[in-house]
Each structure stands twice: as C-alpha cells, then as structure tokens.
Amino acid sequence: MVPTGTMANQLAVALHTRRGDALACHPGAHVRIHEDASAAALSGVQAMPIGDRHGFDAPALDELLDECACGWPPVSLVWLENTLGEAGGAIWPIERLESVSAAARARGCKVHLDGARLWNAHVATGTPLPRFGALADTVSVALSKGLGAPAGSLLCGPRSMVAEVRRRKHAFGGALRQVGVLAAAGLYALDHHLARLADDHRRAARLAAAIADVPCWDVAPPATNLVLARVRPPWRLAEPLCARLRAAGVICFPNVAREVRLAVHLDLDDAAIDEVVARIRATLRDDPA
Ligand SMILES: Cc1ncc(COP(=O)(O)O)c(C=O)c1O
C-alpha cells in the first residue's frame, strides 16, 4: 500500500525499466501528463505516446516496437489504463487489452495496468478482477476515488516482487508507519463500496442527460462515473465556467483545457444530483452562448 496512485505508478515505472528506456502509453495517460514528468525525473524513462485518448491496439503497438528496433528509444514497458481518465472514465475493452498485453509480452515488454478506476470498469462490464490482473505484471488500484476511502493506493504484483517494491517504496518516502489506519479504511471500502459504484454510473448518466441541453457545452454520455462537457464558443476555456459553477457550490474542474469534468461519487445521492442539476441550470441560464 502507498499513499497515492501516482506513487504506485512511479514505483511500477522504477521496477520495470532501466534509465534510458521508454514506456509506451496512450497520449492522455495519467503517467504521461499528470505526474509532473516524474517517469523522466525519477527513473530516466521517456513516455512514448501511441494511439489516442481511448487507448491503442496491438497493431499500433507492434508498429511502435518495430520503430524501436530501428533506433527509436527502447520500449521496455507497455502501459495500460482502465478506465481511461482523460476520456471521461471510458472503458478500454477487455479483448483489446488482452491483445495489447499479448503483443507486448511477445516482444519481451513488461506490462503495467493503471487501475485507479479499475473497480468502475469491473462493475460496469462484469469483467472478473482476475481477468484484469492477468493482463499485467503489476496493477495499481486506488482505494480512494470511487471506493471512497480517505487515501491510499495498492501496487499489486507477484510475491517475488514484494521485497524489491518495499525497498523502493521506502526510498520514495512512501513507507508509512501509520499505514494500518489507511488499510482499515480500504478494507471497509472494498467490503461495502464496490457494488454501489453502479449507483454512481446510473447517477452520472442521469446527470449528463439532465444538463445536455445547457447551451454552453456539448455533453458526452458517460461510460462510468465521469461526465465530460466540452465548452462551446464564445467560451474558450473550461476554467471560467468551472469557477462560476464552484461559486454556486458545484465543485468541478477542467478535464482538459476545454472540457468541464463532473465526477459522481459516494457522497452524492439522488437528491444531491437533483440539486446539482438545478444549480447548474440556474447558474448557466444567462450564459452568453
Ligand atoms: C488514471 C489515474 N492514475 C493515477 C492517478 C493518481 O492518483 P493519485 O491522485 O492518488 O496520485 C489518477 C488520479 O486521478 C488517475 O486518474
């Protein structure tokens, strides 16, 4: 167990690579754009983008690995993410993940699955967790986010890796003596908050439908618990719009510069969703668009 998903991911990078290696990931991967270039800073590893914000497939990976064999930086680690955060919690289909994983392994690459929201993919698709586990050498999962524990992520992998991971976790400053408190909350969350993620998905769909006709944005139907709304002109950036919503008590932030992201979670029941819809509609009623 580690304090954050970022630390779990960075431990995986450190574990599976050598300085000067590259890792292959989709362009919107958390490890590439939201971890302050720490794969490069901490492990000397370059993130090579492949595919689009919805992931990539085995032929695209094969093509990248062919380039690596002809002089591009050597990819030693293939990075999966499910659900896809930047794509609004979209699900990377399991069959596609399996073919990517097989292609990576056939070329001698290690595979990591960033499963910060893997629980959402599991509940939304019914895919058994061991089938996700079989995809990768290591899997990171968050106990906070959808599961609702106050903090904590897990880096999961074979027993043979545990001693090495513990040593590196200590070096990264993640060896908490107080970890039992977080582990207890995580165990509670796993026992009580997993199945209810389906409620978040249902509420996200309801929220998206109820705000779809607000004129300042285009709302995408959510796959899981995240609702994305791409701003329309004359709005250029999402942040001023988010600031107006936050001032009205709807806490939200840009997903990317031009998209508002609304996350549905444990603390929002059906009545809260009604209230969010009412506040959004009231706040954006006089929108210039
Ligand atoms: C896909 C993904 N991976 C990793 C993380 C990092 O988690 P943390 O915020 O606990 O560092 C996040 C956080 O949002 C995420 O969405």
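Parameters and conventions
- Residues numbered from 1 in each chain as written.
- Predicted model: local features only at pLDDT ≥ 70, side-chain atom pairs only at ≥ 80, totals over all residues.
- Heavy atoms only, no water.
- Pairing = 2+ DSSP bridges.
- Helix = DSSP H or I, 4+ residues; strand = E, 2+ residues; numbered from the N terminus.
- Axes fitted to C-alpha atoms, helices over the stretch in contact; angles between N-to-C directions.
- Contact = heavy atoms within 4.5 Å.
- Near = heavy atom within 4 Å.
- Polar contact = N/O pair within 3.5 Å; in protein donor to acceptor, adjacent residues only side chain to side chain.
- Areas by Shrake-Rupley, 256 points an atom, 1.4 Å probe, with all protein chains shown as cover.
- Nonpolar A, V, L, I, M, F, W, Y, C, P; charged D, E, K, R; others polar.
- Buried < 20%, exposed > 50% of the residue type's maximum accessible area, 1.4 Å probe, protein only.
- Lys, Arg positive; Asp, Glu negative; His and termini not counted.
- Salt bridge = Lys/Arg side-chain N within 4 Å of Asp/Glu carboxyl O.
- Domains from an automatic or database assignment.
- Buried area = accessible area lost by both parts, 1.4 Å probe.
- Phe/Tyr/Trp six-rings, centres within 6.5 Å; stacked < 30°, edge-to-face > 60°.
- Parallel < 35°, antiparallel > 145°, perpendicular 65-115°, else oblique.

A. Expanded view of the sheet that holds strand β4 (residues 110-115). Within the open sheet, the six strands sit side by side as β2-β1-β3-β4-β5-β6. Their pairing is mixed. The open sheet has two edge strands, β2 (46-49) and β6 (153-156), and neither has a second partner. On average, adjacent strands in this sheet sit at an angle of 20° to one another, irrespective of strand direction. Pairing between strand β3 (residues 75-81) and β4: five bridges, direction parallel. Note on β4: the bridge partner recorded for E81 is D114. Those strands touched by helix α4 (residues 58-69) are β1 (22-25), β2 and β3, and its axis lies near 160° from that of β3. Contacting β3 and β4, helix α5 (residues 94-106) runs over the sheet at an angle of about 170° to β3.

B. Geometry of the site of the ligand. Surveying the vicinity of the ligand reveals the residues T4, G5, T6, N9, H30, E81, D114, A116, R117 and K145. T6 is positioned with one of its side-chain polar atoms (N or O) 2.7 Å from an oxygen atom of the ligand. Calculation on the ligand without its partners gives an accessible area of 390 Å², and the protein chains cover 79% of this total. At three residues, helix α1 (residues 5-16) tops the list of elements feeding residues into the shell around the ligand. Of the residues in the shell around the ligand, the class split is one nonpolar, five polar and four charged.

C. The side chain of E35, seen in detail. By the secondary structure assignment, E35 is in the loop between α2 (30-33) and α3 (38-43). No salt bridge is formed by the buried E35, whose closest oppositely charged neighbour, K145, lies at an N-O distance of 8.6 Å. Side chain to side chain, E35 and H30 meet in a polar contact 2.7 Å long.

D. Expanded view of unusual backbone geometry. Cis geometry marks the peptide bond from N82 to T83; its omega dihedral reads -5°. Examined against the element boundaries, T83 turns out to sit in the loop between β3 and α5. Note that the residue after P233, namely P234, is joined by a cis bond; omega there is 5°. Structurally, P234 is set in the loop between β8 (226-231) and α11 (238-247). Positive phi outside glycine occurs at A37, with the angle close to 55°. With respect to the element layout, A37 can be found in the loop between α2 and α3. Within the chain, K145 stands out as a residue other than glycine whose phi angle is a positive 45°. Along the chain, K145 falls in the loop between β5 (138-142) and β6.

E. Focus on the domain arrangement of the protein chain. Domains assigned within the protein chain are domain 1 (5-192) and domain 2 (197-284). A straight line from the C-alpha centre of domain 1 to that of domain 2 covers 27 Å. With 17 residues of domain 1 at the contact, the number on the domain 2 side is 13 residues. Where domain 1 abuts domain 2, roughly 1200 Å² becomes buried across the two surfaces, and 58% of that area is made up of carbon and sulfur atoms. Considering only the surface of domain 1 that becomes buried against domain 2, G88, N120 and V123 emerge as the three largest contributors, covering 34% of it. Our count for the domain 1 to domain 2 interface comes out at one salt bridge.

F. Layout of the packing of aromatic side chains. Under the criterion given, the structure shown has one aromatic pair. Measuring from centroid to centroid gives 5.1 Å for F56 and W92, while their planes differ by 75°, and the two rings are edge-to-face. Linking F56 in the loop between β2 and α4 with W92 in the loop between β3 and α5, this pair joins segments that are 36 residues apart in sequence. Judged by relative accessible area, W92 falls into the buried class, the value being 0%.

G. Region of interest: the packing of helix α6 (residues 118-125) against helix α10 (residues 197-211). Across the interface, α6 lies against α10 with an axial gap of 9 Å and an inter-helix angle of 80°. Taken as axis vectors, α6 and α10 run roughly perpendicular relative to one another. Residues W119, N120, V123 and A124 of α6 form the contact with α10, whose own contacting residues are L197, A198 and H201. Counted by class, the contact of α6 with α10 contains five nonpolar, two polar and no charged residues.

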